[in-house]
Amino acid sequence: MSTGHCKTLVPVYNQVGEHYQGVEDVVIAKIDATANDNPLVVIKGFPTIYVFPAGDKTGVEYQADRTAESLIAFVESHRAKSAEAAAEEIGHHGHDHDHEHEHDHGHSHDEL
């Protein structure tokens, strides 16, 4: 669905996408919620913005200023939380740091 608010957000959204271009652990994606149902995500109006930290299918709704700087700060705060959670998970499994580099853990991505 394309509204005036959605169209106003396009240049801001493009700035955020350009900021993260080439950053492997962040995916900036535009999704048509009317065509892609996710029962865990509540769409109250358009545009609705969510950040999906790696491994989180429920997402975190963004409700702050619609500026590139504010969106980037929001993404960064959730990237930090994802990194902390991943480090904590590794710590809980008792991995030895000498053996950590022997395994390919793959890449996790945060999405906006």
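Everything below is about the structure printed above this text.
Since this is a predicted model, take the numbers as computed values, not measurements. (Residues numbered from 1 in each chain as written. Predicted model: local features only at pLDDT ≥ 70, side-chain atom pairs only at ≥ 80, totals over all residues. Heavy atoms only, no water.)

Quick notes on the overall build of the protein
Stage number 1. Of regular secondary structure, the protein possesses three helices and four strands.
Stage number 2. N-terminal to C-terminal, the α/β element order of the protein is α-β-β-β-α-α-β.
Stage number 3. Here the protein, with 112 residues, has 24% of them falling under the buried criterion.
Stage number 4. In the protein, the proportion of contacts linking residues at least 24 apart, taken out of those at least 6 apart, comes to 57%.
Stage number 5. Split by element, the accessible area of the protein, about 7,900 Å² in all, is 52% carbon and sulfur. (Helix = DSSP H or I, 4+ residues; strand = E, 2+ residues; numbered from the N terminus. Buried < 20%, exposed > 50% of the residue type's maximum accessible area, 1.4 Å probe, protein only. Contact = heavy atoms within 4.5 Å. Areas by Shrake-Rupley, 256 points an atom, 1.4 Å probe, with all protein chains shown as cover.)

What about the nonpolar core?
Stage number 1. If you look at the biggest cluster of nonpolar residues, it comprises 13 residues, and the most contacted ones within it are Val-12, Val-16, Tyr-20, Ile-49, Tyr-62, Leu-71 and Val-75.
Stage number 2. Elements with a contribution of two residues or more to this core: α1 (4-19), β2 (49-51) and α2 (68-92).
Stage number 3. Sorting elements by how many residues they give to this core places α2 first, with five residues. (Core = buried A, V, L, I, M, F, W, Y, C linked by side-chain atoms within 4.5 Å.)

Details of the environment of Ala-33
Stage number 1. Looking at the element boundaries, Ala-33 is found in the loop between β1 (26-27) and β2.
Stage number 2. We classify Ala-33 as partly exposed; its relative accessible area is 22%.
Stage number 3. For the pair Ala-33 and Pro-47, spaced 14 residues apart in sequence, the C-alpha to C-alpha distance is 9.5 Å.
Stage number 4. Those residues in contact with Ala-33 that lie beyond four places of it in its chain are Ile-43 and Phe-46.

Side note on the side chain of Ser-70
Stage number 1. Along the chain, the position of Ser-70 falls in helix α2.
Stage number 2. For Ser-70, a relative accessible area of 19% corresponds to the buried category.
Stage number 3. Setting aside chain neighbours within four positions, we find Ser-70 in contact with Tyr-62, Ala-64 and Asp-65.

A look at the pattern of salt bridges
Stage number 1. As enumerated under the stated definition, the model contains two salt bridges in all.
Stage number 2. We note a salt bridge from Arg-79 to Asp-25, for which the minimum N-O separation is 2.8 Å. In this pair, Arg-79 sits in helix α2 while Asp-25 sits in the loop between α1 and β1, placing the two residues 54 residues apart along the sequence.
Stage number 3. With a closest N to O distance of 3.0 Å, Arg-79 and Glu-76 form a salt bridge. Here Arg-79 pairs with Glu-76, and both are found in helix α2, just three residues apart, close to one helical turn.
Stage number 4. The exposure class assigned to Arg-79 is partly exposed, which follows from its relative accessible area of 21%.
Stage number 5. Three or more residues are tied together by salt bridges with common partners; here these are Asp-25, Glu-76 and Arg-79. (Salt bridge = Lys/Arg side-chain N within 4 Å of Asp/Glu carboxyl O.)

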